[in-house]
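Geometric and topological summary
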Amino acid sequence: MDTTPNGASRDLGDGTDSTDSTDSTDGAGRMPSRVRIVIVGAGVGGASIAWHLAERGCSDVLVIDRAEPTSGSTFHSAGLVGQLRSSLPLTRMMMHSVDTYRRLEADAERTGRSPGWREVGSLRIACTPERLEELTRQHGWAKTFGLPMELVSGAEALALFPLMEARDVLGAVWLPTDGFLDPSGLTHAFLAGARDRGVKTANHTRVTGFRIDRDRGRIQAVLTDRGPVEAETVVLACGMYTPDVAALAGVNVPIVPMAHQYLITQAIDGVTADLPQLRDPDNLVYFRRESGGILLGGYERDPAPWSLHGVPGDFNNTLLAEDWDRFAPIMANACRRIPAAEEAGITTFINGPEGFTPDNEFVLGESEVHGLFVAAGFCAHGIAGAGGVGRVMAEWILDGEPSFDTWKMDIRRFGAQYRSREYARDRAVEVYSTYYDIHYPNEEKRSGRPLRRSPAYDRLAALGVSFGEKSSWERPNWFVTNESLAEAAEAAAVRPRGWAGEHWSSAIGAEALACHRRVALFDETSFSKMEVAGPGAVAFLDRVCANEIDRPVGSVTYTQMLNERGGIECDLTLTRTGADRFFVVTGTAFGNHDLGWLRKQQELLPEGDAVVLTDVTGGYACFGIWGPRTREVLGALTRAPLANETFGYLTAQRISVCAVPVLALRVTYVGELGWELYCPTEYGASLWDALWDAGAAQGMVAGGYRAIDALRVEKGYRVWGADITPEENPYEGGLGFAVALDKPGGFIGRDALRAVKANGGPAKRLRAVALADPRAIALGSEPVRVDGTIVGRVTSGGYGFRTEASIAYCYLPVDEVPLGTAGVGRPVEVEVFGTWIPATVIADPPFDPQGARIRA
């Protein structure tokens, strides 16, 4: 290939448009002194947010940019738009993007602003059996997401993209509604539409700081080099510049600019107007047509993070130097796939920084400074997501919350450890370098470990643990030494087939069965823990929780916190430790989310004025001890009476275990008798040692989180973010027992739940199904059909070692599967990697539905 660029086939200069002024300040260059909303950044994200706000009738908006629109990363984006993603919410965002781009293109003749939308479809090819399995699974997702995706043969893929070498192509997925566009054209179309509705824009305006009400923690104004602008809401949509701008408000946004390269060839015979996008993940490359040539790029194994300590102040409308050494492997792979590219000359070579996050997901939502929002970190798929981002952010700002679950994109998911730019860089490098890899379930990140460690960490390591990681905590997945237990042979006989058998050990089943038959000890120190205290604690929690909270000291209450639609925002337990003090426990990954939700309500509710919220996660170790011999183990270490009559289920007591002060909670997440034992962190190692030594006589084993998950599946315990989300209410999720609908004073979401009741109950309900093939495991998002019609998707699943069944959970319409026992026995089918597996609706929970074992 001729590697000397020879002219440009499209304008990748400064991203500006000389035919229209994009600065709508007054003739003297003055900006408004006050608006409702300021958007910082006039790239595609900020422009889309402005457009969507204006569509909603909110035009008191000012969009400012340090240079000109699209001058950051937007102008050098490759412009690909692919809709299918790994989650339904993100896929819905991409689908909304496509709908929006169609609208803008259809209206281009009237507005004179075309986004250049070309709905040519996309192919993703597989060159290995493993990749074909991945595509088959994605094809199943698409059926439940409402996408018209087809699974096609290698020959069919070649017919759609005749330029490619296809002898090694085993198959592909074809999505005809994907496409590509001109990123600068899209941005200017959004901005023009927003200005038509009254939105103002100001170029060459730099943010120098923020005015914040420190007492209330709320944004008041944006300070710029052209004067201050008061606003009740500020949105930072400034791409790779966002971390530096957010830092002016004391907010951390972990975005790492990564140098991303692609090139455009000269004209190639056979490039037609309807040539689809092509992605070849086995070779790390992607393609689309550009004029008469091919745009080709990819994701290198040796990525290049750029400008770790801040983007230079003058880096606008600018590209990085060509790095042919790093691009050479991508080029070689691309030429193998499209041989004609090897002889074509190059018109344009692009090396531009793109903002990547440590987990390859967007950063959206309200920061810890109330009224200061972030919409950035687009990870090279911002053009595909821009329309959806605009919608979500407009809903968040105007309605107080988005209309669907955005937790995986929420800024609150990042903990304090991501204030380290080096840590964020290492994670971003890992996700970039593995961008096109097959990611099997339960895959673990490798970078930045170990970081957060339990006081029992060394004890677990000595026992042969296989560590996993969540929210930077090192957590036991399973213990390799338990593969020698007798129960391990039972587990090995039912090893899951396919993907579920990856990252798997027979120790998982051994630990689950040992917990069921004897007793097991689990390190749960990573659980997120909070304290809610103050004279208003009871009233405040009663308003934000759906269950009854005003119970006696020592009570443990399982509850949800709901949004105004009745959707489940938090799923947790509250232990009343004093008249005006509560100990709150939630999932490891959800602590920031749940604490953020509580703080938001604290600002909105008058009851919040007399409440103090404190994250105490690092202050306490936690060990769960469960199984029928638990009393024998714990009883040997404490004088506290452990009988049901003196220490009942869902109660808590402060006890001494040997010399260790412990808050003991009679709760379980595995469906067996036992306690969670919380102690100050400095006592953690001693508590583990005491329990471990005492358990030897009872055959106690150390257990990991994979065993916990297998046990919770059988017991029907829900996972927030999968089985229950902000889009489902408690009645749909089977949690009506945790709703005190008529408690005095009401609670957030009660009106929505009353409406559900008044309309005859939920239209869908989470149900448990047992697959006929016990070694076929549903991993999530698999389609479920009744009488040949797809009616739902799997939320979570796994193998239950006590019930000896493959169990999956899915929302099914009540008109197809009646509520209660009337629906039990209803035949359904679940598609697992392209095969429809017969299944049957079973009782929920499948194991010990009367709870006899946990109350033993």
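Just above, that's the structure.
As a starting point, this report considers the structure included with it. (Residues numbered from 1 in each chain as written. Predicted model: local features only at pLDDT ≥ 70, side-chain atom pairs only at ≥ 80, totals over all residues. Heavy atoms only, no water.)

With that out of the way, let us pick up the overall build of the protein. When its secondary structure is counted, the protein shows 19 helices and 38 strands. Its C-alpha atoms give the protein a radius of gyration of 28 Å, near enough to 29 Å, the size a compact globule of 856 residues would have. Across its three principal axes, the protein shows a C-alpha extent of roughly 85 × 65 × 55 Å. Sorting the 856 residues of the protein into buried and exposed places 62% on the buried side. Residue pairs at least 24 apart in sequence account for 74% of intrachain contacts in the protein once pairs closer than 6 positions are excluded. For the protein, the separation between the mean place of its 85 positive charges and that of its 109 negative charges on side chains is 4 Å. (Helix = DSSP H or I, 4+ residues; strand = E, 2+ residues; numbered from the N terminus. Rg over C-alpha atoms; globule rule 2.2 N^0.38 Å. Buried < 20%, exposed > 50% of the residue type's maximum accessible area, 1.4 Å probe, protein only. Contact = heavy atoms within 4.5 Å. Lys, Arg positive; Asp, Glu negative; His and termini not counted. Charge placed at Lys NZ, Arg CZ, Asp CG, Glu CD.)

Read around the barrel, six strands follow the order β33-β36-β35-β34-β37-β38 and close on themselves; strand pairing throughout is antiparallel. Here the average twist between neighbouring strands, direction ignored, is 40°. Looking at chain direction, strand β33 (residues 764-771) and strand β38 (residues 835-842) are connected through four bridges and run antiparallel. Residue Val769 lies in a different strand from β38, and its bridge partner there is Val841. In this fold helix α18 (residues 705-715) packs onto β35 (789-800) and β36 (805-813), with an angle of close to 130° to the strand it touches most, β35. (Pairing = 2+ DSSP bridges. Axes fitted to C-alpha atoms, helices over the stretch in contact; angles between N-to-C directions.)

In the segment running from Arg449 into Pro450, the intervening peptide bond is cis, with an omega of -5°. Pro845 follows Asp844 through a cis peptide bond whose omega is 5°. Here Pro845 shows up in the segment after β38. Not every positive phi belongs to a glycine, and Ser307 is a case in point at roughly 55°. Inspection of the secondary structure puts Ser307 in the loop between β16 (293-298) and α8 (324-337). With phi around 70°, Ser472 is a residue other than glycine that occupies positive phi space. In this structure, Ser472 sits in the loop between β20 (465-470) and β21 (473-479).

Attention now goes to the packing of helix α2 (residues 88-106) against helix α6 (residues 183-196). It is the contact of α2 with α6, at a shortest axis distance of 11 Å, that shows an interaxial angle of 75°. Taken together, the axis directions place α2 and α6 in an arrangement best described as roughly perpendicular. Contacts between α2 and α6 involve Thr100, Tyr101 and Leu104 from the first element and Leu186, Ala189 and Phe190 from the second. The class makeup of the residues in the contact of α2 with α6 is five nonpolar, one polar and no charged. (Parallel < 35°, antiparallel > 145°, perpendicular 65-115°, else oblique. Nonpolar A, V, L, I, M, F, W, Y, C, P; charged D, E, K, R; others polar.)

To continue, consider helix α4 (residues 129-145). Along its 17 residues, α4 runs 24 Å from first to last C-alpha, staying within 8% of the 24 Å computed at 1.5 Å per residue. Residues Arg131, Glu134, Leu135, Thr136, Arg137, Gln138, His139, Gly140, Trp141, Ala142, Thr144 and Phe145 constitute the buried set of α4. Gly146 lies just past α4 and shows a positive phi near 85°. (Expected span 1.5 Å × (residues − 1).)

Across soluble globular proteins, you tend to see nonpolar side chains buried next to one another. Within the largest apolar cluster, 88 residues are counted, with the highest numbers of intra-cluster contacts made by Phe210, Val234 and Leu236. Here the element with the most residues in this core is strand β13 (residues 256-265); it accounts for six residues. Beyond its immediate chain neighbours, meaning those up to four positions away, Phe210 contacts Ile219, Ala221, Val222, Leu223, Val234, Leu236, Val245, Leu248, Ala249 and Leu372. (Core = buried A, V, L, I, M, F, W, Y, C linked by side-chain atoms within 4.5 Å.)

Moving on, we come to the pattern of salt bridges. If charged atoms from side chains of opposite charge come close, those side chains can pair. Under the definition given, this model contains 54 salt bridges. The residue Arg576 makes a salt bridge to Asp550 at a minimum N-O spacing of 2.8 Å. Here Asp550 lies in the loop between α14 (537-544) and β24 (556-562) and Arg576 lies in strand β25 (residues 568-578), a separation of 26 residues in the sequence. Ionic pairing is found between Glu672 and Arg853, a salt bridge with its closest N-O pair at 2.7 Å. Residue Glu672 is located in the loop between β30 (660-665) and β31 (674-680), and its partner Arg853 is located in the segment after β38; the two are separated by 181 residues in the primary sequence. With a relative accessible area of 2%, Glu672 lands in the buried category. On the basis of relative accessibility, which here comes to 26%, the residue Arg853 falls in the partly exposed class. Through salt bridges with shared partners, a single ionic network connects Glu487, Glu490, Arg517 and Arg518. (Salt bridge = Lys/Arg side-chain N within 4 Å of Asp/Glu carboxyl O.)

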